Amino acid sequence: MYEKKPIGWKKHLDFILIDFFLLHISLIAAYLMRFGYGFCEQFYSYIDTAIVISVMFMLVAVFHEGYKNILKRGLYSEFTELAKQDIFIALFAVLWLFVSDRAAMTSRLVIGITFVFDFILSFIFRNILKEHVKKIAKNNAGERSLIVVCLSRKVESFIARIKENNYDYNIQGIIIADKDMKGEEIIGIPVVANASEAVEYICRSWVDEIFIGKITNDSMPEFVGELKRSCRQMGIADHTMLLPVGSDPENYVTERIGGFMVLTHSAAIVTRRDMILKRIMDILGGLVGCLITCVLFVFVAPLIFIASPGPIFFSQQRVGRNGKPFKIYKFRSMYMDAEKRKAELMAQNKIQDGMMFKMDDDPRIIKGIGHVIRDLSIDEFPQFFNVLKGDMSLVGTRPPTLDEWVKYELHHRRRLAIKPGLTGMWQVSGRSSITDFEEIVRLDTKYIDEWSIGLDIKIILKTVLVVLKKDGAQ
């Protein structure tokens, strides 16, 4: 029988409960410090505040992931994570006070003292609890015997990694699958058997669980299959490593698809929480952007129509996330025959290999108003409708046209692993001054690999500065 370990926030429920308790102790202490033991007129408003803080605490605990890897964090990392958690809860609490019109009935001093007390108490108790948990795990390690099965090639790094991240097991021995190294020691752990003796050793020894490393030799699958079947017959839990040593586990997840357990790999794997936050940011930004677009339309539309009679908006088929086509919208900044004249101007294209189209003094741009709205990036504002619709994001990669898409090589397609954006890494790194498409791909790939909500905010702020300075605008 194997006891399945909790995952996610449930894994550290002990830390969460203690933090929850300390938060309320801090609120009570702050209240007593401010009002003493007497009954104040606003007493019941503090009960409401306690309820709201409780709800906010649980939401932050579940979605902020502040308890992830808590046992591995040092003092500085713990300090910063705890500070972020308390700041989030405090901001939500203050926002609720103003929205609910209770700000006048609640002392801001009490709220401030609450979170100062909570930070100090939680920091102290978290570190005490961490040492206690590690000590218990170390003392109990001898109660769970683990046998590691792996190849000789990377056995030292493999065992070292297990020992570094192990709090639960006592590694009793190693079985080397491709060599007879019985009797030797590796990082202080004895080699207890070879492949032919593995099942017999496990049957006759104290073994709670076995851990089978990634074994890729051609002759090994049969051995691994037989070993796993034997363990099941004996009722011994077996763990099989899914990734080769040296792989980045951040890019892999296990999940169920159609009733099957699968190992999923992607260029970048993010949590649902992060995607929800990104979408919320897109919706809020899209709403604001659409309102600004409506205001701009009043002034820009007549000028465009006078300079070049025709539609005010320009729409074009583009390629979005993972190759999904969509229609992009812009204020029209070019003459009506711009698409037809593009082929004639390809010889003046600044982008190598024609993977994108950029040129100086493009004659297709409407004289006067066309240059103004492009210099100020006003032509891009209707794309906020695409953001609100979900075809695009505020930050992402530039969506290619259909003729650019057909020229893509394999590594170019990685740019489309995320939604295209109004702005992105390469736009704030030089915009039109970058003429090497491979450099654009490199910057977009860097963005995908390093993506975070914080990076999106940083790029948005940089975009505002770039647009105001008109750096690299065409």
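Before any of the text, the structure's been laid out above.
A.B. asks: It is not clear to me how unusual backbone geometry should be interpreted in this structure. Could you clarify?
C.D. replies: Backbone geometry follows two general trends: most residues other than glycine have a negative phi, and most peptide bonds adopt the trans configuration. Positioned with a positive phi, I187 is a non-glycine residue whose angle comes to about 50 degrees. When you line up the elements, I187 lands in the loop between β3 (185-186) and β4 (189-193). On the accessibility criterion, I187 (38% relative accessible area) is partly exposed. Despite not being glycine, N322 shows a phi value in the positive range, around 55 degrees.

A.B. asks: Help me out: how do you make sense of the side chain of N194 in this one?
C.D. replies: For N194, the location among the structural elements is in the loop between β4 and α6 (198-204). Here the side chain of N194 touches E197 through a polar contact of 3.1 Å, landing on its backbone nitrogen.

A.B. asks: Would you mind showing me how to read a nonpolar patch on the surface here?
C.D. replies: Taken together, I18, V116, I120, I124, F125 and I128 make up a surface patch of nonpolar side chains, about 510 Å² in accessible area. Top element by residues in the nonpolar patch is helix α4 (residues 108-140). It accounts for five residues. Counting through the fold element by element, V116 comes out in helix α4.

A.B. asks: Explain the nonpolar core here, please?
C.D. replies: In terms of nonpolar packing, the biggest core is built from 27 residues, with L394, F437, Y447 and I459 touching the most fellow members. Elements that contribute at least two residues to this core include exactly α8 (272-307), β10 (325-331), α11 (383-389), β11 (393-395), α13 (437-449) and α14 (453-469). Sorting elements by how many residues they give to this core places α13 first, with six residues. Setting aside chain neighbours within four positions, we find L394 in contact with M281, D282, G285, F384, V387, G421, L422, T423 and I460.

A.B. asks: How should the pattern of salt bridges be read in this particular structure?
C.D. replies: Note that side chains of opposite charge can pair when their charged atoms are close. As enumerated under the stated definition, the model contains 18 salt bridges in all. For D238, the salt bridge identified is with R232, shortest N-O distance 3.9 Å. Here D456 ties to K278 by a salt bridge, and the two come within 2.6 Å at their closest N and O atoms. Of this pair, D456 sits in helix α14 while K278 sits in helix α8; the two residues are 178 residues apart in sequence, bridging distant segments of the chain. Via salt bridges that share partners, D19, R73, E78, R126 and K130 belong to a single interconnected network.

A.B. asks: Looking at this structure, how should I read the packing of α8 against α14?
C.D. replies: Relative orientation and spacing of two packed helices are given, respectively, by the angle between their axes and the distance between those axes. Contact geometry of α8 with α14 gives a least axis separation of 10 Å together with a crossing angle of 25 degrees. As the angle between them shows, α8 and α14 are arranged roughly parallel. Residues D274, L277, K278 and M281 of α8 form the contact with α14, whose own contacting residues are I453, D456, I457 and I460. By residue class, the composition of the contact of α8 with α14 is five nonpolar, no polar and three charged.

A.B. asks: Where do I start with helix α5 (residues 155-164) in this structure?
C.D. replies: Every α-helix winds through 3.6 residues per turn, so residues three or four apart in the chain are directed the same way. Here α5 has its buried residues at V155, F158, I159 and I162. When α5 is viewed along its axis, its buried side chains cluster within an angular range of 90 degrees and face the same direction. Exposed side chains of α5 directed beyond 90 degrees from the buried face belong to E156 and E164. Those residues of α5 that are buried are in contact with β1 (145-150), β2 (170-176), β3, β4 and β5 (209-212).

A.B. asks: Which parts of the structure should I look at to understand the packing of aromatic side chains?
C.D. replies: Under the criterion given, the structure shown has 11 aromatic pairs. Between the aromatic rings of F313 and F331, the centroid separation amounts to 5.2 Å while the plane-to-plane angle is 20 degrees, which identifies the pairing as stacked. One end of the pair, F313, is in strand β9 (residues 313-319); the other, F331, is in strand β10, with 18 residues separating them in the sequence. Here the aromatic cluster, defined as three or more aromatic residues joined through ring pairs, consists of F79, F119 and F123.

A.B. asks: Help me out: how do you make sense of helix α1 (residues 13-35) in this one?
C.D. replies: For α1, which comprises 23 residues, the first-to-last C-alpha distance of 33 Å matches the rise-based estimate of 33 Å (1.5 Å per residue) to within 8%. Buried residues of α1: F15, I16, D19, L22, L23, H24, S26, L27, A30 and Y31, and no others. Trailing α1 by a residue or two, G36 shows a phi angle of about 75 degrees, which is positive.

A.B. asks: Even after reading the chapter, I still don't get the sheet that holds strand β6 (residues 237-240), so can you show me in this structure?
C.D. replies: In a beta sheet, neighbouring strands pair by backbone hydrogen bonds and run either parallel or antiparallel. Taken in spatial order, the six strands make up an open sheet running β3-β4-β2-β1-β5-β6, and their pairing is mixed. Edge positions in the sheet fall to β3 and β6, since each of these pairs with one other strand and no more. Relative to β2, β1 runs parallel, the two sharing six bridges. Looking across to β2, one finds that V148 is bridged to I174.

A.B. asks: Explain the environment of W206 to me, please; I cannot follow it from the model alone.
C.D. replies: For W206, the position within the fold is in the loop between α6 and β5. Distance in space between the C-alpha atoms of W206 and Q172 is 8.7 Å, their sequence separation being 34 residues. Among the polar contacts listed, one links the side chain of W206 to the side chain of D208, at a separation of 3.4 Å.

A.B. asks: Would you mind showing me how to read the environment of T423 here?
C.D. replies: The topology assignment puts T423 in strand β12 (residues 421-423). A sequence separation of 28 residues divides T423 from V395, and the C-alpha atoms of the two residues are 5.0 Å apart. Ignoring sequence-local partners within four residues, the contact set of T423 consists of L394, V395, G396, V428, I459 and T463.

Parameters and conventions
- Residues numbered from 1 in each chain as written.
- Predicted model: local features only at pLDDT ≥ 70, side-chain atom pairs only at ≥ 80, totals over all residues.
- Heavy atoms only, no water.
- Helix = DSSP H or I, 4+ residues; strand = E, 2+ residues; numbered from the N terminus.
- Buried < 20%, exposed > 50% of the residue type's maximum accessible area, 1.4 Å probe, protein only.
- Polar contact = N/O pair within 3.5 Å; in protein donor to acceptor, adjacent residues only side chain to side chain.
- Patch = residues over 30% accessible without salt bridge, like charges linked within 9 Å, V, L, I, M, F, W, Y side chains within 5 Å.
- Areas by Shrake-Rupley, 256 points an atom, 1.4 Å probe, with all protein chains shown as cover.
- Salt bridge = Lys/Arg side-chain N within 4 Å of Asp/Glu carboxyl O.
- Core = buried A, V, L, I, M, F, W, Y, C linked by side-chain atoms within 4.5 Å.
- Contact = heavy atoms within 4.5 Å.
- Axes fitted to C-alpha atoms, helices over the stretch in contact; angles between N-to-C directions.
- Parallel < 35°, antiparallel > 145°, perpendicular 65-115°, else oblique.
- Nonpolar A, V, L, I, M, F, W, Y, C, P; charged D, E, K, R; others polar.
- Arc of directions from axis to C-beta.
- Phe/Tyr/Trp six-rings, centres within 6.5 Å; stacked < 30°, edge-to-face > 60°.
- Expected span 1.5 Å × (residues − 1).
- Pairing = 2+ DSSP bridges.

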